[in-house]
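Next come the chains, spelled out residue by residue.
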Amino acid sequence: MSMTSPRVAVCARVFPESLAKLEAAGFTVYAHQADNALQGEQLVAWAQDAEALLISASSRIDATMLDQLPNLKVIANIGVGYNNIDVAAATARGIPVSNTPDVLTETTADLAWALMFAAARRISESERWLRDGQWKSMALDGWLGMDIHGSTLGIIGMGRIGGAVARRAMGFGMRVLYHNRTALPAEETPGVTWVEKDTLLKEADHVILVVPYSPATHHLIGANELALMKPTAVLVNIARGGVVDDVALAHALQSGKLGAAGVDVFENEPNIAKELLAAPNAVLTPHIGSATKRTRLGMVDLAVDNLLDWQAGKTLRNSVNG
């Protein structure tokens, strides 16, 4: 919907060049540039008169908040996931919602591999030991980890990012299994094999989760699933918090039922389960899957482009609700 100087509330710190792009297009920009993304009542107060919202995954939008934003016409979410927004409630109110797919695919796949390497080769544990001054001599049986090359990789969620993870595995001579609800055409997944989820969990040396969060994927990996995995296996979660039961994961790590884990997303983040924080064989990162300057700038630019589509009366290029 085109209008004169539409008002956009930016509820997370973004790059100055992205704000300039909005202003150059004629938006009146209310930019919250503090470290913390706006939440709840603060977000509602900040966006009270706005027709457009530009938010990150750290800001949650529910039906009650939408009812308190009578002027709101469009929401642009910075991130491929959008479970932070009640999309059904937005749709019922005629509010289009967009996300930012594709631009973060390769960068997020890179982090999946970084976490897998760090967890499998015990990088965090051994670095803490070194920094603590405990390295006195070389031991042949010290800090033994898991090989990546020649091992079996299991990918749960063979979408864009899952495919990028699989491509990287080819250079390491890995056997690659994957699980989706249904198998993809063979020509779309060269060199990888679809298996049932339980089979993947039993056979894989390394498991990477790349599924979106939904009620159907809540605790997709819990105590029962972890019990199926090899005691030497590595689990990597770059999907969404809530896909893994974090407390069950911590117990598996601490009891020796699982070798190691690399986790970038958490239930109730930024509040992390104390049990997981206490697990020395867990490599933990603060939701940095897409955190390179080029990728994050690309994500914000794509979110801005969705707002420009709305301003021009076009269908949002990355609409998630029609």
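The following refers to the structure shown. (Residues numbered from 1 in each chain as written. Predicted model: local features only at pLDDT ≥ 70, side-chain atom pairs only at ≥ 80, totals over all residues. Heavy atoms only, no water.)

**Describing the pattern of salt bridges**
To keep things clear, this is the line we draw: Whenever a carboxyl oxygen of Asp or Glu lies within 4 Å of a side-chain nitrogen of Lys or Arg, that contact is scored as a salt bridge. Helix and strand definitions here come from DSSP, where helices need a minimum of 4 consecutive H or I residues and strands a minimum of 2 consecutive E residues; each element is numbered from the N-terminal end. A simple rule labels every residue: compare its accessible area, found with a 1.4 Å probe on the protein chains alone, to the largest value its type can have, and call it buried under 20%, exposed over 50%, or partly exposed in between.
Enumeration according to the criterion identifies 15 salt bridges in this entry. With a shortest N-O distance of 2.9 Å, E127 and R131 are connected by a salt bridge. Here R131 and E127 lie together in helix α6 (residues 123-131), a separation of 4 residues that amounts to about one turn. The class of E127 is partly exposed, set by a relative accessible area of 37%. Across the salt bridge formed by R317 and D309, the nearest N and O atoms sit 2.7 Å from each other. The exposure class assigned to R317 is partly exposed, which follows from its relative accessible area of 48%. Through salt bridges with shared partners, a single network forms among K21, D305, D309 and R317.

**Notes on a nonpolar patch on the surface**
How we decide: Patch rule: a residue counts if its relative accessible area is over 30% and it has no salt bridge; like charges are joined within 9 Å, and nonpolar side chains (Val, Leu, Ile, Met, Phe, Trp, Tyr) within 5 Å. Areas reported as accessible are Shrake-Rupley estimates using a 1.4 Å probe. Residue values count occlusion only from the protein chains shown.
A contiguous nonpolar surface patch, about 400 Å² in accessible area, is contributed by L130, W135 and M138. Note on placement: W135 falls in the loop between α6 and β6 (152-156).

**Some details on the environment of I78**
This is how it is decided: Any two residues whose heavy atoms approach within 4.5 Å at even a single point are treated as in contact.
Structurally, the position occupied by I78 is in strand β4 (residues 74-78). You can call I78 buried: its relative accessible area is 11%. Those residues in contact with I78 that lie beyond four places of it in its chain are V14, L54, I55, S56, A57, T100, M299, V300 and A303.

**Quick look at the sheet that holds strand β12 (residues 282-284)**
The condition that has to hold: When DSSP finds at least two bridges between two strands, those strands are taken to pair. Interaxial angle, 0 to 180 degrees, is taken between N-to-C directions of lines fitted to C-alpha atoms, where a helix line uses only the stretch in contact.
Within the open sheet, the 7 strands sit side by side as β8-β7-β6-β9-β10-β11-β12. Their pairing is parallel. Each edge of the open sheet is held by one strand with a lone partner, namely β8 (192-194) and β12. Neighbour-to-neighbour, the strand axes of the sheet open up by a mean angle of 20°, direction not taken into account. For strand β11 (residues 260-263) and β12, the ladder comprises 3 bridges, and the chain directions are parallel.

**Topic: empty space enclosed by the protein**
Definition in use: Grid points spaced at 1 Å and placed over the protein atoms alone form the basis of the search, with a cavity being a set where a 1.4 Å probe fits but cannot get out and a pocket an open set showing protein on both sides within 12 Å along at least five of seven lines. Lining residues have an atom within 4 Å of a point. Grid points are joined across faces, edges and corners, and a volume is the space filled by probe spheres set on the points. Gly counts as polar in this scheme, as do all residues outside two lists: the nonpolar Ala, Val, Leu, Ile, Met, Phe, Trp, Tyr, Cys and Pro, and the charged Asp, Glu, Lys and Arg.
A full pass over the atoms with the stated rule returns 1 cavity of 30 Å³ or more. Considering only enclosed or pocket space, the largest cavity measures out at about 40 Å³ in volume. In this structure, the largest cavity is lined by A118, A119, R122, S124, E125, A260, P280, N281, A282 and V283. Mapped by element, the contributors of at least two residues to the lining of the largest cavity are α5 (105-120), α6 and β12. Considered class by class, the residues forming the lining of the largest cavity number 6 nonpolar, 2 polar and 2 charged.

**Points about the packing of aromatic side chains**
To keep things clear, this is the line we draw: Pairs were defined over the aromatic rings of Phe, Tyr and Trp, the Trp ring being its six-membered one, requiring ring centres within 6.5 Å. Orientation was assigned from the angle between planes: stacked under 30 degrees, edge-to-face over 60, tilted for the rest.
This model, assessed by the stated rule, comprises 5 aromatic pairs. Considering the side-chain rings of F27 and W310, the 6.4 Å spacing of their centres and the 35° angle between planes classify their relative orientation as tilted. With F27 in the loop between α1 (16-24) and β2 (28-31) and W310 in helix α12 (residues 293-311), the pair connects residues that are 283 residues apart, well separated along the chain. The exposure classification of F27 matches that of W310, with both residues buried. When the centroid spacing of 5.9 Å and the interplanar angle of 45° are considered together, the rings of W113 and F117 count as tilted. Taken together, the residues span about one helical turn, with W113 and F117 both in helix α5 at a distance of 4 residues.

**What about the side chain of T285?**
Within the element layout of this structure, T285 appears in the loop between β12 and α12. Since its relative accessible area comes to 15%, T285 is described here as buried. In this structure, T285 is in contact with L111, L115, V263, D264 and F266, ignoring residues within four places of it in sequence.

**Describing the pairing of strand β3 (residues 52-56)**
The side chains of a regular strand alternate, first on one face of the sheet and then on the other. Of all 5 residues that make up β3, 5 are buried, and the element is covered over most of its length. Of the two faces of β3, both are covered, the one formed by A52, L54 and S56 as well as the one formed by L53 and I55. Here 3 bridges tie strand β1 (residues 7-10) to β3, and the two strands are oriented parallel to one another. What sits directly across from V10, in β3, is L54. Summarising the sheet, β3 and β4 pair through 5 bridges and their orientation is parallel. Among the inter-strand pairings, L54 is bridged to a residue of β4, identified as A76.

**Description of the side chain of T108**
Quick note on the threshold: Each polar contact in these results corresponds to two N or O atoms within 3.5 Å; when the atoms are within protein, one needs to be able to donate a hydrogen and the other to accept it, and residues that are neighboring in sequence are counted only if both atoms are side-chain atoms.
Structurally, T108 can be placed in helix α5. Looking at T108, its side chain comes within polar contact range of the main-chain oxygen of L104, at 2.8 Å. Once residues lying within four places of it in the same chain are set aside, the contact partners of T108 are I161, I238, G289 and S290.

**A short note on the sheet that holds β4**
Overall, parallel pairing links the 5 strands, which are arranged β2-β1-β3-β4-β5 in an open sheet. A strand with exactly one partner marks an edge of an open sheet, and here the two such strands are β2 and β5 (97-98). Where β1 and β2 come together, 4 bridges link them in parallel fashion. Note on β2: the bridge partner recorded for R7 is T28. The strands that α1 touches are β1, β2 and β3; relative to β2, the one it contacts most, it runs at about 155°. Contacting β1, β3, β4 and β5, α12 crosses the sheet at an angle of about 165° to β4.

Remember that the coordinates give geometry; whether it matters functionally is a separate question.
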